[in-house]
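Observations on the model geometry
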Amino acid sequence: MPRFRMTIEYDGSPYYGWQRQNNGPSVQLALEAAVLSLTRETVSFRGAGRTDSGVHARGQVAHVDLSRDWQPYKLRNALNAHLAMAGEAVSVLDVKAVTEDFDARFSALRRHYLYRIIARKSRLTLEHKRAWWVSKDLDHDAMHAAAQVLVGRHDFTTFRSVHCQAKSPVRTLDRLDITRDGDLIEIRATAQSFLHNQIRSFAGTLKLAGEGATTPDDVKHALEARDRKACGPVAPPEGLYFMQVDYPDVIQPRRPGTEKMDDGDDSS
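Residues numbered from 1 in each chain as written. Predicted model: local features only at pLDDT ≥ 70, side-chain atom pairs only at ≥ 80, totals over all residues. Heavy atoms only, no water.

All chains considered together, the criterion is met by seven aromatic pairs. Taken together, a centroid distance of 5.7 Å and an interplanar angle of 65 degrees make the contact between phenylalanine 156 and phenylalanine 202 edge-to-face. Here phenylalanine 156, found in the loop between strand S7 (152-155) and strand S8 (170-181), pairs with phenylalanine 202, found in helix H4 (residues 198-210); they are 46 residues apart in sequence, far enough to count as distant. The exposure class assigned to phenylalanine 156 is buried, which follows from its relative accessible area of 0%. By relative accessible area, which is 0% here, phenylalanine 202 ends up buried. Taken together through their ring pairs, the aromatic side chains of Tyr113, Phe194 and Phe242 make up a single cluster. Taking NZ or CZ as reference, arginine 58 lies 4.7 Å from the ring centre of tyrosine 241, over its face. For arginine 68, the ring lying beneath its charged end belongs to tryptophan 70, and the centroid distance is 3.9 Å. (Phe/Tyr/Trp six-rings, centres within 6.5 Å; stacked < 30°, edge-to-face > 60°. Helix = DSSP H or I, 4+ residues; strand = E, 2+ residues; numbered from the N terminus. Buried < 20%, exposed > 50% of the residue type's maximum accessible area, 1.4 Å probe, protein only. Lys NZ or Arg CZ within 6 Å of the ring centre and 35° of its normal.)

Have a look at this one:
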């Protein structure tokens, strides 16, 4: 069956997350319903990473197998038409035909996330549910300095949800940068994969550093504690965006058994 890779944008506000579930709408279900409406096929989309309720995406990637060998641009346009008719807050940005060796989750080399904080006295209106509103001013330089303690390969038990299903808390964090433009503070994180709530846990702890309540040494001690109680408050989901997934130019066939490896992404 032809396999297609799709780059997907969505507003996470009306959804219970990426993953299909019984208790409410999901992005995965919206896409599968669009394919059903278009082709009468029941399919299953596989995403590069799971996002929680309220988390957005500008570059989620998923793959799906269809019986018909579509021209990619026609499939993109047709799916977007059906998504729009259904009133979904989901858009397919790009479609590519790929070989059966491509897997949106397991073929990924790196995942990129953005967390947005707006630090100002006035509440958000245009950015409501698009960023974390913090009414205090934050020192982004102090946040960046504290963030560098977390870069590298570590046991991130402190910064993952107690409900995280990953087999190991060890991850290699390639990048955790904090920049500022006016009231907007951006946290950008890159790694092959993330743990459940890892980025939002980082954001909550780094916000304390921006307030002057936490130092880089405090963050280092929290990391080394390997104890969830040492983490700062988890930041709300509306500031988090799944931005991009990197893949190799040529996808090599997976070795037998690699489907069971814990190299997925569960970052929200």
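This paragraph deals with the UniProt feature "binding site: substrate" (unreviewed entry) in the protein chain. Using the residue numbers shown here, the UniProt feature "binding site: substrate" (unreviewed entry) corresponds to Tyr113. Examined against the element boundaries, tyrosine 113 turns out to sit in strand S5 (residues 110-119). Sequence-distant contacts of tyrosine 113, defined by excluding residues within four places in its chain, comprise Ile187, Arg188, Ala189, Phe194, Ile199, Leu240, Tyr241, Phe242, Met243, Asp265 and Ser267. (UniProt positions renumbered as here; feature names shortened; annotations may be inferred. Contact = heavy atoms within 4.5 Å.)

Okay, the UniProt feature "domain: Pseudouridine synthase I TruA alpha/beta" (unreviewed entry) in the protein chain next. The positions that UniProt labels "domain: Pseudouridine synthase I TruA alpha/beta" (unreviewed entry) are, in the present scheme, residues 8-106 and 146-248. Split by type, residues 8-106 is 27% helix and 24% strand. Its first and last C-alpha atoms lie 17 Å apart.

Moving on, we come to unusual backbone geometry. Positive phi, close to 65 degrees, is recorded for lysine 129, a residue that is not glycine. Inspection of the secondary structure assignment puts lysine 129 in the loop between S5 and strand S6 (132-134).

Moving on, we get to the packing of helix H3 (residues 140-147) against H4. Where H3 contacts H4, the two axes come as close as 7 Å, and the packing angle between them is 130 degrees. Between H3 and H4, the crossing angle belongs to the class labelled oblique. Crossing of H3 against H4: the hand is right-handed. Side by side, H3 and H4 meet where Ala142, Met143, Ala146 and Ala147 of the first sit next to Leu206, Lys207, Ala209 and Gly210 of the second. Split by residue class, the contact of H3 with H4 holds six nonpolar, one polar and one charged. (Axes fitted to C-alpha atoms, helices over the stretch in contact; angles between N-to-C directions. Parallel < 35°, antiparallel > 145°, perpendicular 65-115°, else oblique. Left-handed = near helix turned anticlockwise from the far one by under 90°. Nonpolar A, V, L, I, M, F, W, Y, C, P; charged D, E, K, R; others polar.)

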